[in-house]
Amino acid sequence: MTLPGYDRYCAEIVTQTELPGDYLAARLPVLTLAAGSVAALTGAVDRFDSAVDRAPRPWRLDPERIAASFASDRLLRVSGAPVSGFAELSGFFVAADGWVRTHANYPHHRARLLAALDLLEDAGRDRVAARVGNLTAADVEDRAAAAQAIAVRVRTAAEWAASPQGAAAASGDLVSTVVHAASSRPGTKQRSHREPARGPLAGVKVLDLTRVIAGPVATRTLALLGAEVLRIDPPAIPEIVVQHLDTGQGKRSALLDLRSADGRLVWDSLLAEADVVVTGYRPGALDGLLDDAPDHLVRGRVCAWGGSGPWAHRRGFDSIVQAASGIATIEGGDDTPGALPAQALDHATGYLLAAGIVDALAAGHVDGRGRSVDVSLARTGAWLLAADGRSEDPPPAAVPGPRCLTAHGDVVTARPALADFDDYPFPARPWGGDTPGWSGVTPSP
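Described in the following lines is the structure provided in the data block.

Conventions we followed
- Residues numbered from 1 in each chain as written.
- Predicted model: local features only at pLDDT ≥ 70, side-chain atom pairs only at ≥ 80, totals over all residues.
- Heavy atoms only, no water.
- Helix = DSSP H or I, 4+ residues; strand = E, 2+ residues; numbered from the N terminus.
- Buried < 20%, exposed > 50% of the residue type's maximum accessible area, 1.4 Å probe, protein only.
- Contact = heavy atoms within 4.5 Å.
- Areas by Shrake-Rupley, 256 points an atom, 1.4 Å probe, with all protein chains shown as cover.
- Pairing = 2+ DSSP bridges.
- Axes fitted to C-alpha atoms, helices over the stretch in contact; angles between N-to-C directions.
- Right-handed = clockwise from strand over helix to strand, strands pointing away.
- Salt bridge = Lys/Arg side-chain N within 4 Å of Asp/Glu carboxyl O.
- Core = buried A, V, L, I, M, F, W, Y, C linked by side-chain atoms within 4.5 Å.
- Lys, Arg positive; Asp, Glu negative; His and termini not counted.
- Polar contact = N/O pair within 3.5 Å; in protein donor to acceptor, adjacent residues only side chain to side chain.
- Parallel < 35°, antiparallel > 145°, perpendicular 65-115°, else oblique.
- Left-handed = near helix turned anticlockwise from the far one by under 90°.
- Nonpolar A, V, L, I, M, F, W, Y, C, P; charged D, E, K, R; others polar.
- Phe/Tyr/Trp six-rings, centres within 6.5 Å; stacked < 30°, edge-to-face > 60°.
- Lys NZ or Arg CZ within 6 Å of the ring centre and 35° of its normal.

1. Describing the overall build of the protein chain
Helix and strand counts for the protein chain stand at 16 helices and 14 strands. When the 445 residues of the protein chain are sorted by exposure, 57% land in the buried category. Once local pairs closer than 6 in sequence are excluded, the contacts in the protein chain between residues at least 24 apart make up 73%. Of the roughly 17,500 Å² that the protein chain leaves accessible, carbon and sulfur atoms contribute 52%.

Here it is, written out as C-alpha cells:
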C-alpha cells in the first residue's frame, strides 16, 4: 500500500472545497492549512475503511467547526470565564537589537529561562524585560538553548529559510512514514467488515505520551474515531489543568513512573497489547521505552523542529516556531511581531499525525508491518509559508458561533473539527485519575 503525499493532497483538497467566511483570517492562508489537514485525515479514514472492506463514508468540511476546533483554547470557558493560554513569562520581549519570544508555561521551563538570564526565581515580567533589553536576541537564544530553556530570536522568513535549521525544517515530507522490518504478526487486530458501533478505529489501542497541543490533538482524534486511548504522564510533572480540559476528551489519563522498576513492568505490559504509541518529546528522548515493542506497532512522533538539522534536539512550541520561522514577522506590523489567530501549527500537525497513523494502520492491516510516522511543527510551518493565497489586508478573524460549542458541567469546549461527529466520546477526565491499564484493568507489576 502506497501512502499519500500529504503536501500535494492538502493543496488539492482545498482547491476542490469552498471555504467561505473570515474564519482564521490572517495574512497567511491559515484556513487553507486547517481544512487541508482535516481533509487529509478524512482521506486516511477512507483508505482505512477500504483496507478492511468497508465502503467510504461521506464527509463534509465545515469551516466554522474547523475554525472553532483550531481556536479551542480561546473558546474554552471554565465557570463562564475565559482562560489564558500563556503564562507571565511567555511572550514577546524587546532585545537590544530586535525581538525574542519565550515560552515558560510549565514551572520547569520558567525556572530554566530565569537561570539562562541569570535572574532569581521570583523575577517577574518587568525584570525579565529589563534583562532581555540589555542582551542581543541571538544571545538570549543561545543562553536559552544552553540552559534547555525555550526562547528564540524573531526572524524574517528569508532569514529562517537561509539558516541551516530552517533548511532542515523545510526538507522532507510533510508526514514522513518509515516501514519497519517484516513481521508475521498482523499490524492491527482483525476487524469486522461491518461498521463498528464505536467508530472505524474500534479495537485499536493507543498509548499517548504527548503534551500541550499537537500530540494530544492527534490522540484525541484517534479517540474520536473509536480507538481506546490511554494517556501516560510522569507523576513529577503535572499537566496544566486547562490545557488538559481542552485536549483530553475521549481519553483515559494515568500516572506512571517509567524510571522505576515497577513502573517499567507496567509499561511493558501495556506496550505488549498496544497497536499505536504516540510521543511528543524531542527525537530519541523516549526510544529506550520501545526496545521491546511488538513488531506490528505504529509509532507516531511529533516534535518542534524535525528529525535533522542543528535544532533537531531543541525544545519548541507552536508560538516559538512561528517566531523563529518568520510567521510572527509576517503577521505583525509596525516593526512589532504578531501571531496567527490560533495555534494553527499545533492543530494542523496533530491532524496530519493522526492521518499518518490511520494510514499506517491501514497499511499494516494489509502487510502486517509496523511503521514510524513523523511530523514536526516547523515542517507544517514551512508548508504554510509556501502556500498560495496570502492576504495583504485580512479582515479580523471571525469568531465561531455557539453551534460549534458544547458544555459539560461548568466547562464549555469546542466540538470536533470533523462535523460528522457531534462531540467527543466523553469529556476530559481528571488528569492522572485513571489506572494505567487497558479497559480499566491495571496490569500487575
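From this point, the discussion proceeds with the structure in view.
2. Notes on the sheet that holds strand E2 (residues 81-82)
Taken in spatial order, the four strands of this open sheet run E2-E1-E14-E13, and their pairing is antiparallel. The strands lining the two open edges of the sheet, one partner per strand, are E2 and strand E13 (405-408). Across two bridges, strand E1 (residues 77-78) lies against strand E14 (residues 411-414) in antiparallel orientation. Note on E14: the bridge partner recorded for Arg77 is Val412.

3. Some thoughts on the sheet that holds strand E10 (residues 276-279)
With mixed pairing, the seven strands of this open sheet are ordered in space as E6-E12-E11-E10-E7-E8-E9. Every interior strand has two partners, whereas the edge strands, strand E6 (176-179) and strand E9 (252-255), have only one. Averaged over all adjacent pairs, the angle separating strand axes in this sheet is 20°, with direction ignored. Of the strands in this sheet, E10, strand E11 (298-303) and strand E12 (371-376) are in contact with helix H15 (residues 344-367), which crosses E12 at around 165°.

4. Section: the pairing of strand E7 (residues 205-209)
In terms of burial, E7 is largely enclosed, as five of its five residues are buried. Because side chains alternate across E7, one face comprises the buried residues Lys205, Leu207 and Leu209, and the other comprises Val206 and Asp208, equally buried. Inspection of the sheet shows E7 paired to strand E8 (residues 228-233) by four bridges, in the parallel sense. By the bridge assignment, Asp208 is partnered in E8 with Arg231. A crossover links E7 with its parallel partner E8, the connecting element being helix H10 (residues 214-224), and its sense is right-handed. Bridging between E7 and E10 involves four bridges; their strand directions are parallel. Bridge assignment links Leu209 to a residue of E10, and that residue is Thr279.

5. Side note on H10
Judged by how many residues are buried, H10 sits mostly within the fold: 11 of 11 residues are covered. Directly after H10, the chain includes Gly226, whose backbone phi takes a positive value near 110°.

6. Some remarks on the pattern of salt bridges
One pass over the full model with this rule turns up 24 salt bridges. In this structure, Arg47 engages Asp359 in a salt bridge whose closest nitrogen and oxygen atoms are separated by 2.7 Å. Of this pair, Arg47 sits in helix H2 (residues 30-51) while Asp359 is found in helix H15, placing the two residues 312 residues apart along the sequence. For Arg60, the salt bridge is made with Asp62, and the minimal N-O distance between the two is 3.7 Å. Because the salt bridges share partners, they merge into one network encompassing Arg60, Asp62, Glu64 and Arg403.

7. Side note on the side chain of His103
Following the sequence through the fold, His103 ends up in the loop between strand E4 (98-102) and helix H5 (107-116). Apart from the residues lying within four places of it in its own chain, the contact partners of His103 are Phe86, Ser90, His109, Ile150, Phe317, Ser319 and Ile320.

8. Re unusual backbone geometry
If you check the backbone angles, Ser79 has positive phi at about 55° while not being a glycine. Mapped onto the fold, Ser79 is located in the loop between E1 and E2. Assessed through its relative accessible area of 57%, Ser79 is described here as exposed.

9. Notes on the nonpolar core
The biggest cluster of nonpolar side chains holds 86 residues, and the ones touching the most others in it are Phe70, Leu201, Leu222 and Trp305. With 13 residues, H15 is the single largest residue contributor to this core.

10. Regarding the side chain of Asp318
As for its placement among the helices and strands, Asp318 is situated in helix H13 (residues 318-325). For the buried Asp318, no salt bridge exists, and the shortest N-O distance to an oppositely charged side chain is 7.6 Å, to Arg101. Separated by 2.8 Å, the side chain of Asp318 and the backbone nitrogen of Asp346 make a polar contact. Look past the residues within four positions of Asp318 in its chain and what remains in contact with it is Gln343, Ala344, Leu345, Asp346 and Leu377.

11. What about the packing of H2 against H15?
Where H2 contacts H15, the two axes come as close as 8 Å, and the packing angle between them is 15°. For the element pair H2 / H15, the angle class is roughly parallel. Here H2 and H15 pass one another in a crossing that is left-handed. For the contact of H2 with H15, a count of residues per class yields 20 nonpolar, two polar and two charged.

12. Quick notes on the pairing of strand E3 (residues 91-95)
Among the five residues that make up E3, four are buried, leaving the element largely enclosed by the rest of the structure. Between E3 and E4, which follow one another and run antiparallel, lie two residues.

13. Things to note about the packing of aromatic side chains
Tallied over the full model, the rule gives five aromatic pairs. One aromatic cluster in this structure is built from Trp160, Trp305 and Trp311. A cation over a ring is seen here: Arg101 above Phe86, with NZ or CZ 5.1 Å from the ring centre. Here Arg101 stacks its cationic end above the ring of Phe92, 4.5 Å away from the centre of that ring.

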